[in-house]
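# Structural overview for review
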Amino acid sequence: MELGDVHSFDLTPAEAIRLQEALRARVRLSGDIGEISLVAGADASYEKGSDEIHAVVVALGYPDLTVVERVSASTETSFPYIPGLLTFREGPALIEAFRRLRSEPDVVFFDGQGIAHPRGLGIASHMGILLDRPTVGVAKSLLSGTATEPGPGMGSTAPILRDGETIGMTVRTKEKTKPVYVSVGHRITLSTAVDLVLATSRGYRLPEPTRQAHLFANTVRREGSGEGRQTTLLSGGG
DNA sequence: GCGACAG
DNA sequence: ATCTTGTCGC
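Residues numbered from 1 in each chain as written. Chains lettered and ligands numbered in written order. Predicted model: local features only at pLDDT ≥ 70, side-chain atom pairs only at ≥ 80, totals over all residues. Heavy atoms only, no water.

## Quick notes on the protein's contact with DNA strand C
Near DNA strand C the following residues occur: Ser 45, Tyr 46, Lys 48, Asp 111, Lys 140, Lys 176, His 214, Asn 218 and Arg 221. Here, DNA strand C places atoms within 4 Å of the protein, and 100% of those atoms are sugar or phosphate. In the model, a phosphate oxygen of DNA strand C is placed 2.7 Å from a nitrogen or oxygen of the Lys 140 side chain. Between a phosphate oxygen of DNA strand C and a side-chain N or O atom of Arg 221, the distance comes to 3.0 Å. Among the elements of the structure, strand S1 (38–46) and helix H5 (208–223) are those that each provide at least two residues to the surface near DNA strand C. Split by residue class, the surface near DNA strand C holds one nonpolar, three polar and five charged. (Near = heavy atom within 4 Å. Polar contact = N/O pair within 3.5 Å; in protein donor to acceptor, adjacent residues only side chain to side chain. Helix = DSSP H or I, 4+ residues; strand = E, 2+ residues; numbered from the N terminus. Nonpolar A, V, L, I, M, F, W, Y, C, P; charged D, E, K, R; others polar.)

Below you can see the structure in the form of structure tokens.
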């Protein structure tokens, strides 16, 4: 994908927070996505003691969810994991992975929050601005706000509230399984985001874009598919 | 001051 | 996120 100007990631935590406060104004909570034919999932993995991050992006056809492309990028990081500043740890590697992506996904799912973040700029929102593309945050746990419990059935949802505002939705993607926390990343409505998460869920807690990215990120870390600049294009089949 | 705290 | 084997529930 073509990326526009990307700001520096060589920042201190205090500078990172100031940047988030400045960028939050650029997040768009609405948008007409039109016909969707391609979705993507982005994720990262790393080893316990290492500072090497393995980021991946997996593109899938929609609504069939067939994987059409997988790319990865492995980079060194010095920024530690700090709740609320995840983008500054995983962002550089993810950006490189997106640069290697040939596909042009209509929407991208990220592992983490969108606007359901202390400063309204979780990794899905931040990356959405840099990519200028619709994005959705699909987190496995809550970072900000109060989550209400959805019903036990697949497809049930309930709001994530903060100061009386709905900042996201808990979504039951699998019956009797802990819900995922969905919030708008950028250029999409919460309603559409939730619909897409459910439309891409196939019997697992994580929707396919996110699940496939998760699996591939682990493969890259263990077997190394990204030592350099490798892009894997698939023609069909899983 | 204390607790909470995406991945 | 990662380190790890078996185990309990659907």
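## Quick notes on the protein's contact with DNA strand B
Taken together, 19 residues are adjacent to DNA strand B, and Tyr 81, Gly 84, Ile 123, Lys 140 and Ser 141 come closest. In DNA strand B, the atoms that sit within 4 Å of the protein are 48% sugar and phosphate, with bases accounting for the remainder. Between DNA strand B and Leu 86, the relevant distance is 3.1 Å, taken from a base nitrogen to a main-chain nitrogen or oxygen of the residue. Within the backbone of Ile 123, one N or O atom sits 3.1 Å away from a base nitrogen of DNA strand B. For the surface near DNA strand B, the residue count by class is nine nonpolar, six polar and four charged.

## Describing the UniProt feature "binding site: Mg(2+)" (unreviewed entry) in chain A
In the numbering adopted here, UniProt assigns the feature "binding site: Mg(2+)" (unreviewed entry) to Asp 43 and Asp 111. These annotated residues cover 69 residues of sequence, and their C-alpha atoms all fall within 5.9 Å of one another, placing them together at a single site. Mapped onto the elements of the fold, Asp 43 is located in strand S1. The residues contacting Asp 43, other than those within four sequence positions of it, are His 54, Ala 55, Val 56, Leu 94, Asp 111, Ala 213, His 214 and Ala 217. (UniProt positions renumbered as here; feature names shortened; annotations may be inferred. Contact = heavy atoms within 4.5 Å.)

## Considering the environment of Asp 10
The topology assignment puts Asp 10 in the segment before helix H1 (13–23). Given the relative accessible area of 69%, Asp 10 is considered exposed. Counting along the chain gives 85 residues from Asp 10 to Ile 95, while the straight-line C-alpha distance between them is 14 Å. (Buried < 20%, exposed > 50% of the residue type's maximum accessible area, 1.4 Å probe, protein only.)

## A short note on the packing of aromatic side chains
By the definition in use, this model includes three aromatic pairs. Seen in terms of ring centroids, Phe 9 and Phe 88 are 5.8 Å apart; in terms of plane orientation they differ by 55 degrees. Their pairing is tilted. You can see Phe 9 sitting in the segment before H1 and its partner Phe 88 sitting in helix H2 (residues 87–100), a full 79 residues away along the chain. Given the relative accessible area of 15%, Phe 9 is considered buried. Note on Phe 98 and Phe 110: the rings are 5.9 Å apart at their centroids and 35 degrees apart in plane angle, and the pair reads as tilted. With Phe 98 in helix H2 and Phe 110 in strand S4 (residues 107–111), this pair connects stretches of sequence that are 12 residues apart. By relative accessible area, which is 1% here, Phe 110 ends up buried. Among the aromatic residues, those joined into a ring-pair cluster are Phe 9, Phe 79 and Phe 88. We note Arg 89 situated over the ring of Tyr 46; from NZ or CZ to the ring centre the distance is 4.5 Å. A cation over a ring is seen here: Arg 211 above Tyr 204, with NZ or CZ 3.6 Å from the ring centre. (Phe/Tyr/Trp six-rings, centres within 6.5 Å; stacked < 30°, edge-to-face > 60°. Lys NZ or Arg CZ within 6 Å of the ring centre and 35° of its normal.)

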